[in-house]
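For reference, the chains in residue letters:
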Amino acid sequence: MKIALLGYGKMGQVIERIATERGHEIVLKKDENNTFEGLSNADVAIDFSVPSAAVNNISNCFHANVPVVSGTTGWLEHYDEMVALCAAKNGGFISSSNFSLGVNIFFELNEYLAKIMSKFDSYSVEMEEIHHTQKLDAPSGTAISLAKGVIENSSYTNWTLENPEANQIHIDAKRIGNFPGTHTVTYNSAVDAIEIKHTAHNREGFALGAVIAAEWLVGKHGIFTMKDVLNLK
C-alpha cells in the first residue's frame, strides 16, 4: 500500500516507521515546505498536521481521489464542509480525535458508564486531560469526544473550561512536560467517586491505530469512524 503523509512532525515520523514496518511505501511526506506532488500516486493519505492546514490537506485528497484518514484536531468547525466534499467526490474519509485502539475502547466504556450514571442524580461528572506543552488546542479533541459521549447519554448539554453550570461538564485541560496524553472521567458524589482513566505511554498507539484505519479504508467510499474500523458498532 502506498501512503501519503500529510504533516511530518513527531507523529508523522512515528507513523512512517510503523507503516514501513508493516510493509507499506511512503510516497509523500508533506510539511509546510513542500507541495502535494506525489499525492495522486497514493492509495490512502494520513493527515496528522496542524489545524490551519487540515482542511486544505483533506480537500486536496478528495480532489485527487485519495481516501484520507485525519487525526488532526482543532479544525472541526469545517467538518461538515469536508463531509459534503467527500460525498461530492465519492471519497473515503475517517476523522477521529484519537486513533489509539485503547482510547476507542475507552470511548465505549465512557458512553456505557454515562448511561448508567444518568440514573443517579447524586453524582456529577468532571474531566481532566493532560498533554505535552506543544499541543496547540485545548481541550484536546479526545476530551471533547469524551464529553460528547457523556452528553449524548445524559442530561448534560455542553462542556466548559470555565466554572460549570449545572448542565455543563467541566474539563480541566493541563499542558505539562512531554505527556503523550492522559484522560480521566470522574463521577463525584458526597460519599464516593467513580473514575475511569486512559494513559498513553507514548505515541505508538496513536500511530498504529491510524495505519490500521488507513489499511481498512482503502477501496471504501463514504464517511466512517473508528467504530467501523474496530467493529465496535
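The structure under discussion appears in the preceding block.
Read on for a plain summary of the structure. (Residues numbered from 1 in each chain as written. Predicted model: local features only at pLDDT ≥ 70, side-chain atom pairs only at ≥ 80, totals over all residues. Heavy atoms only, no water.)

The next thing to look at is a nonpolar patch on the surface. Nonpolar side chains collect at one region of the surface, where Tyr112, Ile116 and Phe120 lie side by side and expose about 310 Å² of accessible area between them. Within the element layout of this structure, isoleucine 116 appears in helix α4 (residues 101-117). (Patch = residues over 30% accessible without salt bridge, like charges linked within 9 Å, V, L, I, M, F, W, Y side chains within 5 Å. Areas by Shrake-Rupley, 256 points an atom, 1.4 Å probe, with all protein chains shown as cover. Salt bridge = Lys/Arg side-chain N within 4 Å of Asp/Glu carboxyl O. Helix = DSSP H or I, 4+ residues; strand = E, 2+ residues; numbered from the N terminus.)

Formed by 25 residues in total, the largest nonpolar core has its most connected members in Ile15, Ile46, Ile94 and Phe99. If you list the elements that add at least two residues to this core, you get β1 (2-6), α1 (10-21), β3 (44-47), α6 (204-217) and α7 (226-229). Looking at this core, the element that brings in the most residues is α6, giving seven residues. If sequence neighbours within four positions are ignored, phenylalanine 99 has contacts with Phe48, Val69, Ser70, Gly71, Ile94, Asn104, Gly205, Phe206, Gly209, Ala210, Ala213 and Met226. (Core = buried A, V, L, I, M, F, W, Y, C linked by side-chain atoms within 4.5 Å. Buried < 20%, exposed > 50% of the residue type's maximum accessible area, 1.4 Å probe, protein only. Contact = heavy atoms within 4.5 Å.)

One pass over the structure, following the stated rule, counts nine salt bridges. We note a salt bridge from glutamate 204 to arginine 17, for which the minimum N-O separation is 2.2 Å. One end of the pair, glutamate 204, is in helix α6; the other, arginine 17, is in helix α1, and 187 residues separate them in sequence. Judged by its relative accessible area of 31%, glutamate 204 is partly exposed. Glutamate 111 is the salt-bridge partner of lysine 227, the closest N and O atoms lying 3.8 Å from each other. Of this pair, lysine 227 sits in helix α7 while glutamate 111 sits in helix α4, and the two are 116 residues apart along the sequence. According to the relative accessible area criterion, lysine 227 is partly exposed, its value standing at 26%.

Within this structure, the stated rule accounts for five aromatic pairs. Arranged with centres 5.5 Å apart and planes meeting at 90 degrees, the rings of phenylalanine 62 and phenylalanine 93 form a pair that is edge-to-face. You can see phenylalanine 62 sitting in helix α2 (residues 51-63) and its partner phenylalanine 93 sitting in strand β5 (residues 92-95), a full 31 residues away along the chain. Phenylalanine 93 gets classed as buried once you look at its relative accessible area, which sits at 0%. Consider the rings of tryptophan 75 and tyrosine 79, whose centres lie 6.3 Å apart with planes at 45 degrees: the pair is tilted. The exposure class assigned to tryptophan 75 is buried, which follows from its relative accessible area of 1%. Three or more aromatic residues link up through ring pairs in this structure, and these residues are Phe62, Trp75, Tyr79 and Phe93. (Phe/Tyr/Trp six-rings, centres within 6.5 Å; stacked < 30°, edge-to-face > 60°.)

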